[in-house]
Amino acid sequence: MGSKEVYYCAFLCSFLLCSLSCKGQAEELGWTQTALLDVDASWRLARKIPETLFGLFFEEINNAGAGGIWAELISNRGFEAGGPQTPSNIEPWGIIGAESSIYVTTERVSCFSRNIIALRMEVLCDNCPDVGVGIYNRGFWGMNIEDGKTYSLVMYVRSLESVELIASLTCPKPSGALPIMASASIMDIDMSNWTKVELQLLAQETCRTARLELTTSKKGVIWVDQVSLMPNTYKGHGFRKELVQMLLDLKPRFLRFPDQDMGGCFVEGDRLRNAFRWKETVGPWEERPGHCGDVWNYWTDDGLGYYEFLLLAEDLGAAPIWVFNAGISHSEGVDTTIISPFIKDVLDGLEFARGSEESTWGSVRAAMGHPERFPLKYVAIGNEDCDKKFYLGNYIKFYSAIREAYPDIQIISNCDGSSKPLEHPADLYDYHVYASAAELFLMKNYFDRTSRTGAKVFVSEYAVNQQKDAGQGSLLASLAEAAFLIGLEKNSDIVHMASYAPLLVNDNNRGWNPDAIVFNSWQQYGTPSYWMQTFFSESSGAVIHPAAITSSYSDSLAASAITWQDDKNSFLRIKIVNSGCVAVNLTIRAVGLQAGVNTMGSRVTVLTSSNLLDENSFSNPNNVVPVPSELPNAAEEMQVLVRPYSLTSFDLALDQHDLVAKI
């Protein structure tokens, strides 16, 4: 066993001992450690951090999009999830009424050629029940309907007779009762041709498990298709407001999409026929066929498509990074000799984002309401495909075509260049790491030895994911991740981007643990890993300074120092991770400051808890969150107590506003 392995074992043991007994003994006996943190805050060795260092990676996993940040309340809104043949499964739609009263099936009669399936509802009863018969949709594990809010219902209806149809929002009760919360009706209207119906439903009460009902008491046949129910959304763009706000609070500098974790599942599919196809996700939502994510096994209507991802990046003030399919799925690969159609498809996608409104695909974007070009300057050719057959050949073909057409676009390779140079051209390369807490903590120095020439590093997926360490999002995981990010800050001359994965999880479909943000139909909270990222929200574009720890306890510590600005003030931010079970009496000594420290504006923020494995939950969302307080002893040299199991940020307010600009 080498020295590295011995050190790893010792470090892992220290984690385990601390979590089991050490902290209690340390508190009882008053144990502490001492450490000195020297910060050279002069401009002599300071370096600008890339503007893009920390951002977001969106993944259609865990119903992050469908039933998540995309606010559509109807699941399987076009009845396409059951496949192109009829009759087909209409779940999660259900039938209201007995078999003797109503017959429901699907037929290939829609007015939308790309999604031809529509629902046929034949009412058989002459004297139907008072509540009528029909169909219902419970959405994604129940709809969140709130008192006083209006919900926009759009659907397409056809019938050979005049239509009488009631649209209602009901709230299922344990007793079986279904009180009506909102309703609107269509009465005696001729719909012999497919007709778009738009109704507003004003809720009269709140229900977290509501459903939409479409009912009638009139005998006859009604066809229904493309049923959408939307709440009020962020900027009217279709996104769930509270989840977007949580993303905004991280101040992301980029948004990587529409990929998935550990294998690029959504962009690739298990088979290519189920891969994300951008052209089928743009244009009117009614004309999008949707597709089955065959790795995570759920249907997406693709209301959240290529255009919406670009729009979300714009709303977040983040640079879009498009991950496209390289002609490779989990089980298939397109030979390089016949990859040309895939290349043309990507060039068309770039034209959609960046082309003039007179261009073929730019005109489609303009027709969707965005004549301005999107600033798409980053693309990734595939995801985790480097070792797959045909990848390198396909990569060179994509690279050459994109470089010729768009020489300013930064191209990201799947191949890891951290330990040896890439053998093909690239502007950046992907680096993914999922590890135990001990392993990731030790990786804070991993990029110290990476070559400073050639392509830059994009750590597009990182997380502590071993169950014993992470659970469903633990303090322990967040501390190891924070130490790793401190290492990325220090190596940001070569590491230009980093993002946590996965970002979002619907609590009803935990396909992957842990995640940064947990939600259900009406609640959401950040895991400690989410809150950890807020400590780094000012790092992109800031200035990093040399910071050195002197202590016999330094193996359990990680620290960095940056200078950053808000709209009014400049700050020297010193972050320190204490992964150990004893407190640290820390002396911070900052030299070379070109301005005095303003104690009035200085503050300290701490992320910690009594147990390394503590988590947040719906019942206790603030169990592990940052706690800010004033820092009255702020000075160029000061003594502070760093709590065990903690991430601490000391923001020293500086008297001059233009310090960062000087560099």
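Procedures and definitions
- Residues numbered from 1 in each chain as written.
- Predicted model: local features only at pLDDT ≥ 70, side-chain atom pairs only at ≥ 80, totals over all residues.
- Heavy atoms only, no water.
- Buried < 20%, exposed > 50% of the residue type's maximum accessible area, 1.4 Å probe, protein only.
- Helix = DSSP H or I, 4+ residues; strand = E, 2+ residues; numbered from the N terminus.
- Pairing = 2+ DSSP bridges.
- Axes fitted to C-alpha atoms, helices over the stretch in contact; angles between N-to-C directions.
- Parallel < 35°, antiparallel > 145°, perpendicular 65-115°, else oblique.
- Left-handed = near helix turned anticlockwise from the far one by under 90°.
- Contact = heavy atoms within 4.5 Å.
- Nonpolar A, V, L, I, M, F, W, Y, C, P; charged D, E, K, R; others polar.
- Disulfide = S-S within 2.5 Å.
- Polar contact = N/O pair within 3.5 Å; in protein donor to acceptor, adjacent residues only side chain to side chain.
- Patch = residues over 30% accessible without salt bridge, like charges linked within 9 Å, V, L, I, M, F, W, Y side chains within 5 Å.
- Areas by Shrake-Rupley, 256 points an atom, 1.4 Å probe, with all protein chains shown as cover.
- Salt bridge = Lys/Arg side-chain N within 4 Å of Asp/Glu carboxyl O.
- Lys, Arg positive; Asp, Glu negative; His and termini not counted.
- Charge placed at Lys NZ, Arg CZ, Asp CG, Glu CD.

Regarding the pairing of strand 34 (residues 637-642)
Covered by surrounding structure in strand 34 are Met638, Val640 and Val642 only, the residues Glu637, Gln639 and Leu641 on the alternate face being uncovered. Looking at chain direction, strand 31 (residues 583-591) and strand 34 are connected through six bridges and run antiparallel. Pairing of Ile588 across the sheet is with Met638, part of strand 34.

Concerning the packing of helix 4 (residues 306-316) against helix 5 (residues 340-354)
Where helix 4 contacts helix 5, the two axes come as close as 11 Å, and the packing angle between them is 45°. Here helix 4 is positioned oblique relative to helix 5, judged by the angle of their axes. As for how helix 4 packs across helix 5, the hand of that crossing is right-handed. In this structure, helix 4 contributes Tyr306, Tyr307 and Leu310 to the contact, and helix 5 contributes Gly349, Leu350, Phe352 and Ala353. Here the residues of the contact of helix 4 with helix 5 sort into six nonpolar, one polar and no charged.

Here we look at the state of the cysteines
Following the criterion strictly, the structure yields three disulfides and no others. The residue that forms a disulfide with Cys125 is Cys128, at a sulfur-sulfur distance of 1.8 Å. Disulfide Cys125-Cys128: torsion about the S-S bond near 90°, hence right-handed. Residue classification places Cys125 among the buried residues on the basis of a relative accessible area of 8%.

What to know about the pairing of strand 13 (residues 207-216)
With eight of 10 residues buried, strand 13 lies mostly within the body of the structure. Pairing geometry for strand 7 (residues 133-137) and strand 13, over five bridges, is antiparallel. Counterpart to Asn137 in the pairing with strand 13 is Leu212.

A short note on the side chain of Asp430
Among the structural elements, Asp430 can be located in strand 21 (residues 428-435). For Asp430, the side chain forms a polar contact with the side chain of Ser460, separated by 2.8 Å.

Examining a negative patch on the surface
A contiguous patch of negative charge on the surface is contributed by Glu314, Glu357, Glu358 and Glu372. When you line up the elements, Glu314 lands in helix 4. Among the residues examined, Glu314 registers a relative accessible area of 39% and is labelled partly exposed.

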